[in-house]
Amino acid sequence: MVDPEISKQKFQQQVDLLQGLDEFIRKYGWQFETSYPDIYLTMHPSAHPETKFMVRLRCDDYAARSPSLQFVDPTTHQEGKQYWPQQGGAFQAASSRGPPPQLCIPGIREYHEGCHNSPSDPNPWNPEKYTLANILERVQWFIDDAYR
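As a starting point, this report considers the structure included with it. (Residues numbered from 1 in each chain as written. Predicted model: local features only at pLDDT ≥ 70, side-chain atom pairs only at ≥ 80, totals over all residues. Heavy atoms only, no water.)

### Overview of the side chain of Gln-70
Formally: We count a stretch as a helix when DSSP gives it H or I for four or more residues in a row; a strand needs E for two or more, and each element gets its number in order from the N terminus. Only protein chains enter the accessibility calculation, which uses a 1.4 Å probe; a residue is then buried when its area is under 20% of its type maximum, exposed when over 50%, and partly exposed in between. Polar contacts, as counted here, are pairs of nitrogen or oxygen atoms within 3.5 Å of one another; within protein the pair requires one atom able to donate a hydrogen and one able to accept it, and residues that are adjacent in sequence qualify only if both atoms are side-chain atoms.
Note on placement: Gln-70 falls in strand 4 (residues 68-72). The exposure class of Gln-70 is buried, given its relative accessible area of 2%. A distance of 2.9 Å separates the side chain of Gln-70 from the backbone oxygen of Pro-101, its partner in a polar contact.

Given below as structure tokens:
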């Protein structure tokens, strides 16, 4: 377990890096809310800006542990399967795992401690490789692919 103050500092460094990606944030229309240990990000498919989703990255015990990723209600921040994208193979597969649903992408807890929890995993958790920006970009790609 990481000292809570160190975890909070590492979390804030990642948030600062993420918020510094102005062009990227504008391109995708991302909107953030942050309150340690959580980042809430509103995102939408590039082809359908009217379709909104809110992703929560929970970064407790960061960076010893990868962040947990769940889709949540934009108002209450309550998690639930009903808030997940309903289209796309990655999201349908995620809904079949759990509960809660588990998206299978390297860099998130559901991958490293869930569907790929193995010492022989070719993609072990590495906070330098799997930044919060990298994780969220992958989620955006899955949403864009599902809602073309």
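### Re the side chain of Gln-140
What counts is decided by this rule: Residue contacts follow a heavy-atom distance rule, with two residues in contact if any of their heavy atoms lie within 4.5 Å.
Residue placement: Gln-140 occurs in helix 5 (residues 132-146). With residues up to four places along the chain from it excluded, the contact list for Gln-140 reads Tyr-28, Trp-30, Met-43, His-44, Pro-45 and Ser-46.

### A word on the sheet that holds strand 2 (residues 38-43)
Stated formally: Strand pairing is defined by DSSP finding a minimum of two bridges between the two strands. Angular values range over 0 to 180 degrees, each being the angle between N-to-C directions of two axes fitted as lines to C-alpha atoms, with helices fitted over their stretch in contact.
Pairing is antiparallel in the open sheet, where four strands are placed in the order 1-2-3-4. Of all the strands in the sheet, the pair left with one neighbour each is strand 1 (31-35) and strand 4. With strand direction ignored, the average angle separating the axes of adjacent strands in the sheet is 20°. The pairing of strand 2 with strand 3 (residues 53-58) spans six bridges and is antiparallel. Counterpart to Leu-41 in the pairing with strand 3 is Val-55.

### Some details on the packing of aromatic side chains
Heads up, the condition is: Pairing of aromatic rings covers Phe, Tyr and the six-membered ring of Trp, with a centre-to-centre limit of 6.5 Å; geometry is then stacked below 30 degrees between planes, edge-to-face above 60, and tilted otherwise.
With the rule as written, the count across this model stands at 13 aromatic pairs. A centroid spacing of 5.1 Å and a plane angle of 85° characterise the contact between Phe-24 and Trp-30, whose relative ring orientation is edge-to-face. No difference in accessibility class separates Phe-24 from Trp-30, as the two residues are buried. Centre to centre, the rings of Phe-53 and Phe-71 are 6.1 Å apart; their planes meet at 80°, and the pair counts as edge-to-face. Separated by 18 residues along the polypeptide, Phe-53 in strand 3 and Phe-71 in strand 4 bring together distant segments of the chain. Assigned by exposure class, Phe-53 and Phe-71 land together as buried. An aromatic cluster is built from Phe-53, Phe-71, Trp-84, Phe-91, Trp-141, Phe-142 and Tyr-147, whose rings are joined through pairwise contacts.

### Details of the pairing of strand 1
As defined by bridge partners, strand 1 adjoins strand 2 across five bridges and the pair is classed as antiparallel. Each bridged residue has a counterpart across the sheet, and for Phe-32 the counterpart in strand 2 is Leu-41. Between the end of strand 1 and the start of strand 2, which pair antiparallel, lie two residues.

### Here we look at the pattern of salt bridges
Basically, it comes down to this: Take a side-chain nitrogen of Lys or Arg and a carboxyl oxygen of Asp or Glu: if they are within 4 Å of each other, that pair is a salt bridge.
Within the structure shown, the criterion is met by five salt bridges. A salt bridge links Asp-38 to Arg-58, with the shortest nitrogen-to-oxygen separation between them at 2.7 Å. Highlighted residues: Asp-38 in strand 2 and Arg-58 in strand 3, separated in sequence by 20 residues. The partner of Asp-60 in a salt bridge is Arg-109, with the nearest N and O atoms 2.8 Å apart. Residue Asp-60 is located in the loop between strand 3 and strand 4, and its partner Arg-109 is located in helix 4 (residues 109-115); the two are separated by 49 residues in the primary sequence. The class for Asp-60 is partly exposed, based on a relative accessible area of 27%.

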